[in-house]
Amino acid sequence: MKKEEKILCAAIGSHNEAKIKPAYGQIYLSYRGLLHFVSANYALTKEEREDAVEETFLSFFAYPKKTEIVSIRAFLLKTLENKCADALRKRLPSSLEEEVPSFDPMRGFVEELKALLSEEEFALLMDYVVYERSSAELAQKYALSGVAVRQRIARIKKKVRHKLEVK
């Protein structure tokens, strides 16, 4: 157990707020640099990284079972990882429909694809291209054989290529 962890355990055990606050301050000062460094590995804005670090410390301070934490460092890093993943998840559109309007150059192309392909073909193409699902995953999702999925994808690609060549 590290020095900070011993200080915190002793402070929590005493139930004395005068001892707990300095222990929290010591932990914050000891780990904030590490957490900022680790958060920089995520594709987040500076504000999102700062929010993730601050939320990590708030989660730690609010965690009711601190005496059960084996390693403060591991707890903080795992919490930070989850906060960063949540921040990235918030950015993702819930569907392709929400993504297209914010990306104007592609909207016309996607609309043309929708007009060119049937709904099933368009969905299959999106699953294959955008969500990078394998033919085995697609076969299971669409209740088709792997060969049928690969043939359909090949036909869809041919239609799209032809449409691009005509332009």
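What counts, and where the lines are drawn
Residue numbers restart at each chain and count upward from 1, following the sequence in its written direction. Restriction of local features to residues with pLDDT of at least 70 applies here, the model being predicted, together with a cutoff of 80 or more for giving and counting side-chain atom pairs; totals for whole chains, interfaces and linings are based on all residues. To obtain the side-chain values, all non-hydrogen atoms of the structure were used and water was disregarded. Patch membership requires more than 30% relative accessible area and the absence of a salt bridge. Residues of like charge join within 9 Å; the nonpolar side chains Val, Leu, Ile, Met, Phe, Trp and Tyr join within 5 Å. Each accessible area value is a Shrake-Rupley result obtained with a 1.4 Å probe; residue values ignore everything except the protein chains displayed when judging cover. Criterion for a salt bridge: a side-chain nitrogen of Lys or Arg within 4 Å of a carboxyl oxygen of Asp or Glu. Charge counting follows a simple rule: Lys and Arg are positive, Asp and Glu are negative, and His as well as the terminal groups are ignored. To locate a charge, take atom NZ for lysine, CZ for arginine, CG for aspartate or CD for glutamate. Labels follow the DSSP assignment, with helices taken as runs of H or I lasting at least four residues and strands as runs of E lasting at least two, numbered in each case from the N terminus. Per-residue accessibility, obtained with a 1.4 Å probe over protein chains only, is compared with the maximum for each type, and a residue is labelled buried under 20%, exposed over 50%, and partly exposed between these values. To qualify as a nonpolar core, a set must consist of buried Ala, Val, Leu, Ile, Met, Phe, Trp, Tyr and Cys residues joined through side-chain atoms within 4.5 Å. Each polar contact in these results corresponds to two N or O atoms within 3.5 Å; when the atoms are within protein, one needs to be able to donate a hydrogen and the other to accept it, and residues that are neighboring in sequence are counted only if both atoms are side-chain atoms. Between two residues, a contact is recorded if the distance between any of their heavy atoms is within 4.5 Å. Residue-level confidence of the predictor, termed pLDDT, takes values from 0 up to 100.

**A look at a negative patch on the surface**
Consideration 1: Among the surface-exposed residues, Glu47, Glu50, Asp51, Glu54 and Glu55 lie close enough to one another that they form a single negatively charged patch.
Consideration 2: Relative to the helices and strands, aspartate 51 is located in helix H3 (residues 46-62).
Consideration 3: Owing to a relative accessible area of 45%, aspartate 51 belongs among the partly exposed residues under this scheme.

**Regarding the pattern of salt bridges**
Consideration 1: Taken as a whole and judged by the stated rule, the model has six salt bridges.
Consideration 2: We note a salt bridge from aspartate 86 to arginine 89, for which the minimum N-O separation is 2.7 Å. One end of the pair is aspartate 86 and the other is arginine 89, both in helix H4 (residues 72-91) and three residues apart, which spans about a single turn.
Consideration 3: Residue lysine 141 pairs with aspartate 127 through a salt bridge whose shortest N-O separation is 2.7 Å. Of this pair, lysine 141 sits in helix H8 (residues 135-142) while aspartate 127 is found in helix H7 (residues 119-129), placing the two residues 14 residues apart along the sequence.

**Notes on the nonpolar core**
Consideration 1: The biggest cluster of nonpolar side chains holds 17 residues, and the ones touching the most others in it are Phe60, Ile72 and Leu76.
Consideration 2: Elements with a contribution of two residues or more to this core: helix H2 (17-39), H3 and H4.
Consideration 3: For this core, the element with the highest residue contribution is H4, accounting for six residues.
Consideration 4: Counting 14 residues, the second-largest nonpolar core is a separate cluster that includes Val110, Leu117, Met126 and Val160.

**Quick word on the environment of serine 30**
Consideration 1: Note on placement: serine 30 falls in helix H2.
Consideration 2: C-alpha separation for the pair serine 30 and arginine 73, spaced 43 residues apart in sequence, amounts to 9.6 Å.

**Some details on the side chain of serine 39**
Consideration 1: Within the fold, serine 39 resides in helix H2.
Consideration 2: One polar contact links the side chain of serine 39 to the main-chain carbonyl oxygen of histidine 36, over a distance of 2.9 Å.
Consideration 3: Setting aside anything within four residues of it in sequence, one finds serine 39 in contact with Arg49, Val53, Leu80 and Cys84.

**A look at the side chain of threonine 56**
Consideration 1: Mapped onto the secondary structure, threonine 56 falls in helix H3.
Consideration 2: Separated by 2.7 Å, the side chain of threonine 56 and the backbone oxygen of alanine 52 make a polar contact.
Consideration 3: Beyond its immediate sequence surroundings of up to four residues, threonine 56 is in contact with Leu35, Leu76, Thr79, Leu80 and Lys83.

**Topic: the confidence of the model for the protein**
Consideration 1: With 78% of its residues at a pLDDT of at least 70, the protein reaches an overall mean of 78.
Consideration 2: Averaged over each element, pLDDT in the protein is lowest for helix H5 (residues 96-102) (46) and highest for H8 (89).
Consideration 3: Note that residues 95-105 has pLDDT below 50 and, in this model, nine contacts with residues that lie over four places away or in other chains.

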